[in-house]
Amino acid sequence: MKAVRILAAITAVGFGWGPVAAQAYTVYVSNEKGNSLTVIDSDTLQVQTTIPVGQRPRGIMLTKDDKHVLICASDSDTMQMLDVASRKIVADLPSGPDPEQLNINPKGSPVYVANEDDNLLTAIDLNTKKVVAEVEVGVEPEGVGVSPDGKTVVVTSETSNMAHFIDTDTYEVTDNVLVGQRPRFAQFTADGSQLWVTSEVAGTATVIDAKTRKIIKVIHFAVPGVQADYIQPVGVRVTKDGTKAFVALGPANRVAVVNAKTFEVEDYLLVGKRVWQLAFTPDQKLLFATNGNSNDVSVIDVPSLKVVKSIATGEAPWGVTISRE
Amino acid sequence: MVQAGRIHPTWLLLAVLLGFLLSVAAPALAADSNSSARSVSADSKPTLVPIGYLKQEVKHLIPLSRLNVKPEDLGIAGAEIALKDNNTTGKFTKQKFLLDVVRVPIDGDAVAALQKLVESGHHFVLVDAPADVLLKLSDSVKDRDVLLFNVSAPDETLRQENCRANVLHTAPDLDMLADALAQYLVWKKWQRWFVVSGAFPEDRAYLDAVRRSAKRFGAKIVAEREYKQKPGARRSDTGEQLIQLQMPVFTQGVPSYDVLIVADRRGNFGPYLPYRTWDPRPVAGTSGLRAMSWHPAHEQWGATQMQNRFQRFAKRFMLPLDYQAWVAVRAIGEAASRTHSGDFAPINAYIRGDQFDLAAFKGRKVTFRKWDGQLRQPIIIAGPELPVSTSPQQGFLHEHEEVDTLGIDEPESKCKFK
């Protein structure tokens, strides 16, 4: 395996970047039913190890220094902190009951977690591991997005059907934007100009102007041969250059490729069953998609828009996060 | 500050309060989906949306199983928790929802009770009453700005010959329930049915629905038998022994079958059938494997959160009638927040229109059928402890929406709204 990596490195130096990422990043996948994380090498696309964690791990995210993975262990009612070096759980954060998704301020702290049961967004200081604020939001908050400047955190509430914009200094809710039924995920674009929100039951993605907080576009999806009911968008990722967006369509078993300038859907990539979440490698050459019902991740080559590999994971993979180095 | 990096609770409270005040202060918004609730001034009052809940009390026999005793607040607790959900959202949309519950005693005047609710400004009223009472209520407010939600009556006639323009049904009808069960049994290849029914009119109605489903989905009814004995005391000291002998004899001597389907809506003998049939066969229908809108152990599609908050609130499990009332109140809330209105006309139009959809923990949106006002919803197939499946089943195709393979589809509708 090492030889392959060296060879890949030489290739990379000698001939420029190939279609497969030559730099090795570490990919962490949470297995909702397997109660574990699958660790994958992004270069060899091989599973390195599987780490047992708390019950029903879903949302996961590497801290900004890449030293820890934060894991929402929903049925353990805690957010676990995994030390990447020792691959051990080193701390539990006071997330409140049934945490599902989290996000981290670009400064490295605090971490924001949605408490579905209490209609709250909780902010936790990562250094002191203490709750610094709780903000009342709509019913069943879930998706959490943070603006690149760290000044705004957005939480989506699944039953109120709103994206709540919250000021990260004052913890005031400043705007509430009504979106389609059951909004599950929120993602700012890299330039901070837009917020993309997926609505699982409505089957849409809503693009919101981050400044005016007005809806720019509601994107609809239609996959030939797939009933509209099965199109249930969850994860979304927009490329750093703002040209393309990828939307995971759940039980439609497709990742939609959207032109992020015109908002036209350009392609549907066939992946595994019930695709949940997505993550780019830092060089944006590969996109990993978790397939909850087929127990694998699909690896998408971003430049060619081809699904190049499927990697077996633990049971019911859900979240995915990738190291910067 | 007590600790570095930690905001003192008082400040937190103030901040939350301030945020709340600012967010509820947004002016009435134009009815386009592109508006966002910006904070403007701090002193305008929220729009009030009063909702009525009319429960007609009826005589019930004590159920055979103590587990099935109906909670006093059945349905009402579902409406109340939906009201809380609406009001959490209402904080941000400047709307306040109210719920007024009226219990009409046995032999009481339900029509007069509804008139009172309407006169005190309730345009939206949930009704938990038998079909005949519901029809009287509907006709009594025919020319008023009133929308009734039938949260409990499953009778087919309310969706067919006796459908009413001012009634929407969140309770699934008998045909939907029978179709949902039939699809699962056919998917399971349990296609030979032995059907056993009680002697009451409501048992015959369910029997008709089962016969219709068998024909639709290709099952064969190999035998039908009626249980004629009328219920006496629910329990006697020699009861168990007798039943152990009665049930096998009653189910003896029928052609080979895969599953026994029982139509006993009052629960007089159906609960005795599982494990007591002559042949070792599963029981489905009104006992054993049943079709329902909600099960207390349903946890798919985010339902865990719904179950958690209901149980914390009501101190008991959430039952189908609670869910049906929850959907009705949430439908009103959803229409009010989308139309930025508390008035009858826009809310009524929105709920019935093409824009309306509602996330209701069923893995797809729920909407109302235009041809008969029935809520189109997936149906849970469950044993006593756990859900077994959700219908529609894969492979039962429909030209528009698979969920319309359950119940009365548009081409077969006899509903002419009046």
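Residues numbered from 1 in each chain as written. Chains lettered and ligands numbered in written order. Predicted model: local features only at pLDDT ≥ 70, side-chain atom pairs only at ≥ 80, totals over all residues.

A. How the structure looks around the overall build of chain A. In terms of regular secondary structure, chain A is built from 1 helix and 28 strands. Since a compact globule built from 325 residues should have a radius of gyration of about 20 Å, the 18 Å found for chain A is in line with a globular shape. Sorting the 325 residues of chain A into buried and exposed places 57% on the buried side. Partitioning the contacts of chain A with sequence separation of at least 6, the portion at a separation of at least 24 is 43%. (Helix = DSSP H or I, 4+ residues; strand = E, 2+ residues; numbered from the N terminus. Rg over C-alpha atoms; globule rule 2.2 N^0.38 Å. Buried ≥ 20, exposed ≤ 12 C-beta atoms within 10 Å, placed from the backbone. Contact = placed C-beta atoms within 7 Å.)

B. The arrangement of the overall build of chain B in detail. Within chain B, the secondary structure is distributed over 10 helices and 15 strands. Out of the 418 residues belonging to chain B, those deemed buried represent 48%. Counted over contacts in chain B with a minimum sequence separation of 6, partners at least 24 positions apart contribute 66%.

C. The arrangement of the sheet that holds strand S24 (residues 275–280) of chain A in detail. All names here are of chain A. Here 4 strands make up an open sheet; going across it, the order is S24-S25-S26-S27 and the pairing antiparallel. Of all strands in the sheet, those with a lone pairing partner are S24 and strand S27 (306–312), marking the two edges. On average, each strand axis in the sheet is tilted by 25° relative to the strand beside it, whichever way the strands run. Bridge count for strand S25 (residues 286–291) against strand S26 (residues 296–301) is 6 bridges, and the pairing is antiparallel. The residue bridging Leu287 from the neighbouring strand is Ile300, located in S26. (Pairing = 2+ DSSP bridges. Axes fitted to C-alpha atoms, helices over the stretch in contact; angles between N-to-C directions.)

D. Region of interest: helix H9 (residues 320–339) of chain B. Residue and element names in this part refer to chain B. Here H9 contains 20 residues, and its C-alpha end-to-end distance of 29 Å stays within 8% of the 28 Å for a straight helix at 1.5 Å per residue. Among the 20 residues of H9, 20 are classified as buried, and the element is accordingly described as predominantly covered. Directly beyond the C-terminal end of H9, a positive phi value near 55° is found at His340. (Expected span 1.5 Å × (residues − 1).)

E. The arrangement of helix H2 (residues 76–93) of chain B in detail. All names here are of chain B. Taking 1.5 Å per residue as the helical rise, H2 with its 18 residues ought to reach 26 Å, and the 25 Å between its terminal C-alpha atoms agrees with that figure. Among the 18 residues that make up H2, 15 are buried, leaving the element largely enclosed by the rest of the structure. Following H2 by one or two positions, Lys94 has its phi on the positive side, about 65°.

F. Structural detail: the domain arrangement of chain B. Residues and elements named next belong to chain B. Split into domains, chain B comes out as domain 1 (47–172 + 294–377) and domain 2 (173–229 + 239–292 + 379–418). Taking only C-alpha atoms into account, the centre of domain 1 sits 26 Å from that of domain 2. Of the residues lining the interface, 26 residues belong to domain 1; the matching set on domain 2 comes to 27 residues. For the side of domain 1 that touches domain 2, the per-class residue count stands at 11 nonpolar, 8 polar and 7 charged. (Domains from an automatic or database assignment. Nonpolar A, V, L, I, M, F, W, Y, C, P; charged D, E, K, R; others polar.)

G. Quick peek at the nonpolar core. Ranked by internal contacts, the top residues of the largest apolar core, which has 107 residues, are Leu54(B), Ala79(B), Val127(B), Leu181(B) and Ile332(B). With 11 residues, the top contributor of residues to this core is H9(B). In this structure, this core is formed jointly by two domains, domain 1 (47–172 + 294–377) and domain 2 (173–229 + 239–292 + 379–418) of chain B, each of which donates at least three residues. Here Leu54(B) is in contact with Val102(B), Val104(B), Ala110(B), Ala113(B), Leu114(B), Leu117(B), Val125(B), Val127(B) and Ala129(B), once residues within four sequence places are set aside. The next biggest cluster of nonpolar side chains, apart from the first, holds 94 residues, and it includes Leu126(A), Phe246(A), Ala279(A) and Ala289(A). (Core = buried A, V, L, I, M, F, W, Y, C linked by C-beta atoms within 7 Å.)

H. Expanded view of the sheet that holds strand S2 (residues 36–41) of chain A. Residue and element names in this part refer to chain A. Taken in spatial order, the 4 strands of this open sheet run S3-S2-S1-S28, and their pairing is antiparallel. The strands lining the two open edges of the sheet, one partner per strand, are strand S3 (46–52) and strand S28 (317–322). For this sheet, the mean angle separating the axes of adjacent strands, direction not counted, is 25°. In this structure, S2 lies alongside S3, joined through 6 bridges in antiparallel fashion.

I. Inspection of the pairing of strand S8 (residues 259–263) of chain B at higher detail. All names here are of chain B. Burial within S8 is extensive, with 5 of its 5 residues counted as buried. With burial as the criterion, each face of S8 is covered, one bearing Val259, Ile261 and Ala263 and the other bearing Leu260 and Val262. By the bridge criterion, 5 bridges tie strand S6 (residues 192–197) to S8 in an arrangement that is parallel. What sits directly across from Val196, in S8, is Val262.

J. How the structure looks around unusual backbone geometry. Looking along the chain, the bond that leaves Ser109(A) and enters Pro110(A) is cis, with omega of 0°. Structurally, Pro110(A) can be placed in the loop between strand S8 (99–104) and strand S9 (111–115). Note the cis peptide between Ser391(B) and Pro392(B), where omega equals 10°. Take Pro392(B): it is sitting in the segment after strand S15 (387–391).

K. The arrangement of the pairing of strand S10 (residues 120–125) of chain A in detail. All names here are of chain A. Of the strand pairs in this sheet, S9 and S10 are connected by 5 bridges, and their pairing is antiparallel. Paired with Val111 across the strands is Ile124, a residue of S10. Where S9 folds back onto S10 in an antiparallel hairpin, the turn is made up of 4 residues, including Asn119, whose phi is positive at roughly 55°. In this structure, S10 lies alongside strand S11 (residues 130–136), joined through 6 bridges in antiparallel fashion. Looking at the pairing, Leu121 lines up with Val135 of S11. Hairpin connection from S10 to S11: 4 residues lie between these consecutive antiparallel strands, with Lys129 at a positive phi of about 60°.

L. Spatial organisation of the packing of helix H3 (residues 110–119) of chain B against helix H4 (residues 131–140) of chain B. Residue and element names in this part refer to chain B. Contact geometry for H3 and H4: axes closest at 9 Å, N-to-C directions at 40°. Here H3 is positioned oblique relative to H4, judged by the angle of their axes. Regarding H3 and H4, the two cross each other, and that crossing is right-handed. In this structure, H3 contributes Ala110, Val111, Leu114 and Gln115 to the contact, and H4 contributes Val133, Lys136, Leu137 and Ser140. Residue classes in the contact of H3 with H4 are distributed as 5 nonpolar, 2 polar and 1 charged. (Parallel < 35°, antiparallel > 145°, perpendicular 65-115°, else oblique. Left-handed = near helix turned anticlockwise from the far one by under 90°.)

M. Highlighting the packing of helix H5 (residues 174–187) of chain B against helix H6 (residues 201–217) of chain B. Residue and element names in this part refer to chain B. Interaxial distance between H5 and H6 falls to 8 Å at its minimum, and their mutual angle equals 45°. Judged by the inter-axis angle, H5 sits oblique to H6. The two elements H5 and H6 cross, and the hand of that crossing is right-handed. Judged by residue contacts, Leu174, Asp175, Ala178, Asp179, Ala182, Gln183 and Val186 of H5 engage Ala205, Tyr206, Ala209, Val210, Arg212, Ser213, Ala214, Arg216 and Phe217 from H6. Split by residue class, the contact of H5 with H6 holds 10 nonpolar, 2 polar and 4 charged.

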